[in-house]
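# Chains, contacts and geometry: an overview
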Amino acid sequence: MQVAVVTGAGSAIGRAASLRLSETGFKVVAVDFNAATGEETLRLIREQGGEGLFVQADVSKEAGVERYVKAAMDTYGRIDAFFNNAGVLQKFTLLENLDISEFDRILNVTKAAAIEYVKKGVRVNAICPGGVDTALTQEVPAMMQESGYVPEEFPNMRIGRFADPTELAEMAV
Ligand SMILES: NC(=O)c1ccc[n+]([C@@H]2O[C@H](COP(=O)([O-])OP(=O)(O)OC[C@H]3O[C@@H](n4cnc5c(N)ncnc54)[C@H](O)[C@@H]3O)[C@@H](O)[C@H]2O)c1
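About the criteria used
Residues numbered from 1 in each chain as written. Predicted model: local features only at pLDDT ≥ 70, side-chain atom pairs only at ≥ 80, totals over all residues. Heavy atoms only, no water. Near = heavy atom within 4 Å. Polar contact = N/O pair within 3.5 Å; in protein donor to acceptor, adjacent residues only side chain to side chain. Areas by Shrake-Rupley, 256 points an atom, 1.4 Å probe, with all protein chains shown as cover. Helix = DSSP H or I, 4+ residues; strand = E, 2+ residues; numbered from the N terminus. Nonpolar A, V, L, I, M, F, W, Y, C, P; charged D, E, K, R; others polar. Domains from an automatic or database assignment. Salt bridge = Lys/Arg side-chain N within 4 Å of Asp/Glu carboxyl O. Buried < 20%, exposed > 50% of the residue type's maximum accessible area, 1.4 Å probe, protein only. Lys, Arg positive; Asp, Glu negative; His and termini not counted. Contact = heavy atoms within 4.5 Å. Buried area = accessible area lost by both parts, 1.4 Å probe. Right-handed = clockwise from strand over helix to strand, strands pointing away. Pairing = 2+ DSSP bridges.

## A word on the site of the ligand
Near the ligand there are 23 residues, and of these Ser 11, Asp 32, Asn 85, Val 132 and Thr 134 occur at the shortest range. In the environment of the ligand, an oxygen atom lies 2.6 Å from a nitrogen or oxygen atom belonging to the side chain of Asp 32. In the model, an oxygen atom of the ligand is placed 3.5 Å from a nitrogen or oxygen of the Gly 87 main chain. Protein burial of the ligand: of its 830 Å² of free accessible surface, 81% is covered by the chains. The set of elements that each furnish at least two residues to the shell around the ligand consists of helix 1 (12–23) and helix 5 (135–138). At three residues, helix 5 tops the list of elements feeding residues into the shell around the ligand. Class assignment of the residues belonging to the shell around the ligand gives a composition of 11 nonpolar, 10 polar and two charged. Composition of the shell around the ligand by domain shows at least three residues from each of domain 1 (1–87) and domain 2 (90–167).

## Quick look at the pattern of salt bridges
Taken as a whole, this structure holds nine salt bridges when the rule is applied. A salt bridge links Lys 27 to Glu 51; the shortest N-O distance between them is 3.6 Å. In this pair, Lys 27 sits in strand 2 (residues 26–32) while Glu 51 sits in the loop between helix 2 (35–47) and strand 3 (52–56), placing the two residues 24 residues apart along the sequence. Lys 61 is the partner of Asp 58 in a salt bridge, and the nearest nitrogen-oxygen pair spans 3.6 Å. Taking the relative accessible area as the measure of exposure, Lys 61 reaches 49% and is therefore partly exposed. Salt bridges sharing partners connect three or more residues here, namely Arg 20, Glu 23 and Glu 170.

## Some points on the side chain of Asp 32
Within the secondary structure, Asp 32 is located in strand 2. In this structure, Asp 32 is buried with no salt-bridge partner, the nearest side chain bearing the opposite charge being Arg 15 at 7.8 Å. Here Ala 9 takes part through its backbone nitrogen, which lies 3.4 Å from a polar atom of the side chain of Asp 32. The residues contacting Asp 32, other than those within four sequence positions of it, are Gly 8, Ala 9, Gly 10, Ser 11, Thr 37, Gly 38, Phe 54, Val 55, Gln 56 and Ala 57.

## A short note on the domain arrangement of the chain
According to the domain assignment, the chain contains domain 1 (1–87) and domain 2 (90–167). The C-alpha centroid of domain 2 is placed 22 Å from the C-alpha centroid of domain 1. Counting from both sides, the interface comprises six residues of domain 1 and, opposite them, seven residues of domain 2. With both chains or domains summed, domain 1 and domain 2 bury close to 390 Å², and 86% of this area falls on carbon and sulfur atoms. It is Ala 12, Ile 13 and Ala 16 that lose the most area in domain 1 upon contact with domain 2, and together they represent 71% of the buried surface on that side. Where domain 1 touches domain 2, the interface holds zero salt bridges. For the pair domain 1 and domain 2, the interface holds zero residue pairs in polar contact (both at pLDDT 80 or more). The element best represented in the side of domain 1 that touches domain 2 is helix 1, accounting for three residues. Grouping the constituent residues of the side of domain 1 that touches domain 2 by class yields four nonpolar, two polar and no charged.

## Some remarks on the pairing of strand 1 (residues 2–7)
The buried fraction of strand 1 amounts to five of the six residues, a majority that puts the element mostly inside the structure. In this region the chain leaves strand 1, passes through helix 1 and returns to the parallel neighbour strand 2; the handedness of that crossover is right-handed. One ladder, built from three bridges, connects strand 1 with strand 4 (residues 81–83); its direction is parallel. Among the inter-strand pairings, Val 6 is bridged to a residue of strand 4, identified as Phe 83.

See the structure below:
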């Protein structure tokens, strides 16, 4: 038995990954702060014959993280994979207007975890997609208008279309 924790499991990429992980045999601990959409993901997992649980939690709060890790350990006694997928859209802004210390902090946290735990058999990888067709990207045109920042082209969308959440799910699995 293998157990995967998926955060942001109530929507697009997180839901697709939860369903795909379940199909491949994982028990899925679905986490989201939106209880209605998170419960719906659990229902879909069960509908396709899978098993899991839903935990409502805010991943940006330590107490929230403790709650879903405890729920996973109490129920299954192990966690084999985390898909730390929950995320929000930040205001569109040019790189030059970003606070560099915040930018560095975010990147360094990813790197440090990968280096510190690799010898303990824990792999830490990041998926950095271009545009994916989800609720999050539906907000982009309005946010661009509001910020006044509209790039001439989207260099990370050379594929010429938005990716589908299932393509990201496959990569996560
Ligand atoms: N859609 C894209 O084009 C795109 C591109 C690059 C990266 N991403 C990243 O992929 C991830 C998933 O994106 P998506 O497009 O599926 O977004 P989405 O907005 O459709 O789904 C995000 C989910 O995360 C949940 N969530 C947000 N903050 C949370 C919190 N603090 N605690 C618990 N749950 C929380 C939301 O309720 C929602 O269910 C995000 O981290 C996003 O930054 C998306």
